[in-house]
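Notes for the structure review
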Amino acid sequence: MATQRRKLAADTSDSPSLMRRVLYFLVFALVILAIVGITAYAVWNDVNAQYNAPRHEAKAVADGVSLDRFVTFEEDNVFPMAMSAAPDGGFYLSRFGDGTLYKVDAVGALTKWASPGPVGAMQLAPDGSLYAIRYSEASHNAVGNLYHLIADGKVEAMPALPSASGLPLFSQLAVDPAGNVYITDPTGGQIVVYRAGAATSEILWAAANVNNKRPQVAGLAYDPVEKGLLVSDVDNGSIYRVGLDGKGDSLLYRQTGLDVRVISVDAEGNIFLLAWEGDGGILYLYRKDGTLQKIADQFRSPSALVLREDKAYVVNSDAPGMLKSNGLLQPRSKPPFTVDVIDVKAVLGK
């Protein structure tokens, strides 16, 4: 009997213990779900805050430098993207959002010139025509190819890349005095050249891996003083000099995290860089002593830079506003869209 009572006592004590374990499990599961939910909500808020932070204006930071608006678009979903000098002393400016190309005079007045479709980068050629990367759609994941725009706005397709693949947004162009056209292929980590009069394109130069990172070249410019190219690798913060024959490359500058998207060189060989930083952008001058001087910051995903008469014209693409809402990410366009002009005489010692 004593043995049976002990067993009964054990049996009656097991039932509450099992119930407690079930309750503990349920409470623990609810706590985990609550933590996951709160974390997901915080991440959602943080991601959207980054893309939907209050719109900010670019500002000059170097002594003696002034910054003003040059062009303003009040409409929604405009996304100005490319800008190039024009033969008459003005500029060409693309509105990626609606595929329109404008002529801009010296005071920022606009005249519609052509409707070639979304243009992401363009450069003036020695004969006065334009080379431009035209994209399949006004989207952040659009695919582009090189086109030739002649004086009346007619568009002619150029030969395909050696890889036969399209170009992602923010590929850049450069043209030398002989009319050779150079283009960065970020996906392949290389520069492609279209030789004047040639029927096909060819790979000019490929960036080397640094710290086992696949190169992603972006910014590109022709240097009229050194008679070569400057190209940036955004994955490892590098800027290289490359000969027009694709040989004799050398490292000009490297800084971890430096995301240089646009390079421009003036007639005197002064090198200006546009780097992205978060949802903003910074204009730098590369000094002869190998250092960078910050000239202005708080640009909004800057995508083009034109130098003329000691002034730097910076296009704010506001590109994150092109991203599609997908539940987690809900970006929005933030007009007005602007092109800024910065007087850089002071940093050039003039």
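The present account deals with the structure reproduced in this document.

This next bit is on the sheet that holds strand β25 (residues 337-343). The strand order β2-β25-β24-β23 describes an open sheet built from 4 strands, whose pairing is antiparallel. In the strand order of this sheet, the two ends are held by β2 (66-73) and β23 (302-308), each with one partner. Adjacent strand axes in the sheet meet at a mean angle of 20 degrees when their direction is disregarded. One ladder, built from 6 bridges, connects β23 with strand β24 (residues 311-316); its direction is antiparallel. Across the sheet, residue Leu-307 finds its bridge partner in β24, namely Ala-312.

Another aspect to go through is the environment of Leu-230. With respect to the element layout, Leu-230 can be found in strand β16 (residues 228-233). Judged by its relative accessible area of 0%, Leu-230 falls in the buried class. Distance in space between the C-alpha atoms of Leu-230 and Gly-243 is 8.9 Å, their sequence separation being 13 residues. Not counting chain neighbours up to four residues away, the residues in contact with Leu-230 comprise Gly-219, Leu-220, Ala-221, Tyr-240, Arg-241, Leu-252, Ile-263, Val-265 and Ile-271.

Moving on to a nonpolar patch on the surface. A cluster of nonpolar residues, Leu-18, Met-19, Val-22, Leu-23, Phe-25 and Leu-26, forms a patch on the protein surface that exposes about 600 Å² of accessible area. For Phe-25, the position within the fold is in helix α1 (residues 2-51).

The calculated volume of the largest pocket comes to roughly 840 Å³. The wall of the largest pocket is formed by 42 residues, among which Ala-85, Gln-123, Ser-264, Val-265 and Leu-307 lie closest to the centre. Of all the elements in the fold, those that place two or more residues in the lining of the largest pocket are β3 (80-85), β7 (119-124), β11 (173-175), β15 (217-223), β19 (259-265) and β23. Per element, the largest residue contribution to the lining of the largest pocket is 6 residues, and it comes from β23.

We now examine the sheet that holds strand β22 (residues 292-299). Reading across from one edge, β1-β22-β21-β20-β19 is the order of the 5 strands in this open sheet, with antiparallel pairing throughout. Both edges of this open sheet fall to β1 (59-60) and β19, since each of them pairs with a single strand only. Pairing analysis gives 7 bridges linking strand β20 (residues 271-277) to strand β21 (residues 280-286), with the strands arranged antiparallel. Note on β21: the bridge partner recorded for Trp-276 is Gly-281.

A full pass over the atoms with the stated rule returns 12 salt bridges. Here Lys-350 makes a salt bridge to Glu-268, at a shortest N to O gap of 3.3 Å. One end of the pair, Lys-350, is in the segment after β25; the other, Glu-268, is in the loop between β19 and β20, and 82 residues separate them in sequence. Note that Asp-297 and Lys-294 form a salt bridge whose closest N and O atoms lie 3.9 Å from each other. One continuous salt-bridge network, built from bridges that share partners, spans Arg-55, Glu-57 and Arg-69.

The topology assignment puts Asp-318 in the loop between β24 and β25. We classify Asp-318 as buried; its relative accessible area is 9%. Among the polar contacts listed, one links the side chain of Asp-318 to the side chain of Arg-300, at a separation of 2.9 Å.

Before going further, it helps to spend a moment on the packing of aromatic side chains. Throughout the structure, instances matching the rule amount to 10 aromatic pairs. Ring centres of Phe-73 and Tyr-102 lie 6.0 Å apart, and the angle between their planes is 45 degrees; on these two criteria the pair is classed as tilted. Pair noted here: Phe-73 is in strand β2 and Tyr-102 is in strand β5 (residues 100-104), with a separation of 29 residues, a long-range link. The exposure classification of Phe-73 matches that of Tyr-102, with both residues buried. Judged by centre distance (5.0 Å) and plane angle (50 degrees), the ring pair of Tyr-92 and Trp-113 falls under tilted. Placement of the pair is Tyr-92 in strand β4 (residues 91-95) and Trp-113 in strand β6 (residues 110-114), with a sequence separation of 21 residues. On the basis of relative accessible area, Tyr-92 is assigned to the buried category, the value being 6%. Within the aromatic cluster, the residues linked to one another by ring pairs are Phe-70, Phe-91 and Tyr-313. Positioned over the ring face of Trp-276 is Arg-261, at 4.0 Å from the centre of the ring.

Conventions used here
- Residues numbered from 1 in each chain as written.
- Predicted model: local features only at pLDDT ≥ 70, side-chain atom pairs only at ≥ 80, totals over all residues.
- Heavy atoms only, no water.
- Pairing = 2+ DSSP bridges.
- Helix = DSSP H or I, 4+ residues; strand = E, 2+ residues; numbered from the N terminus.
- Axes fitted to C-alpha atoms, helices over the stretch in contact; angles between N-to-C directions.
- Buried < 20%, exposed > 50% of the residue type's maximum accessible area, 1.4 Å probe, protein only.
- Contact = heavy atoms within 4.5 Å.
- Patch = residues over 30% accessible without salt bridge, like charges linked within 9 Å, V, L, I, M, F, W, Y side chains within 5 Å.
- Areas by Shrake-Rupley, 256 points an atom, 1.4 Å probe, with all protein chains shown as cover.
- Salt bridge = Lys/Arg side-chain N within 4 Å of Asp/Glu carboxyl O.
- 1 Å grid on protein atoms, 1.4 Å probe; cavity = no way out; pocket = protein on both sides within 12 Å on 5 of 7 lines; lining within 4 Å.
- Points joined across faces, edges and corners; volume = space filled by probe spheres on them.
- Polar contact = N/O pair within 3.5 Å; in protein donor to acceptor, adjacent residues only side chain to side chain.
- Phe/Tyr/Trp six-rings, centres within 6.5 Å; stacked < 30°, edge-to-face > 60°.
- Lys NZ or Arg CZ within 6 Å of the ring centre and 35° of its normal.

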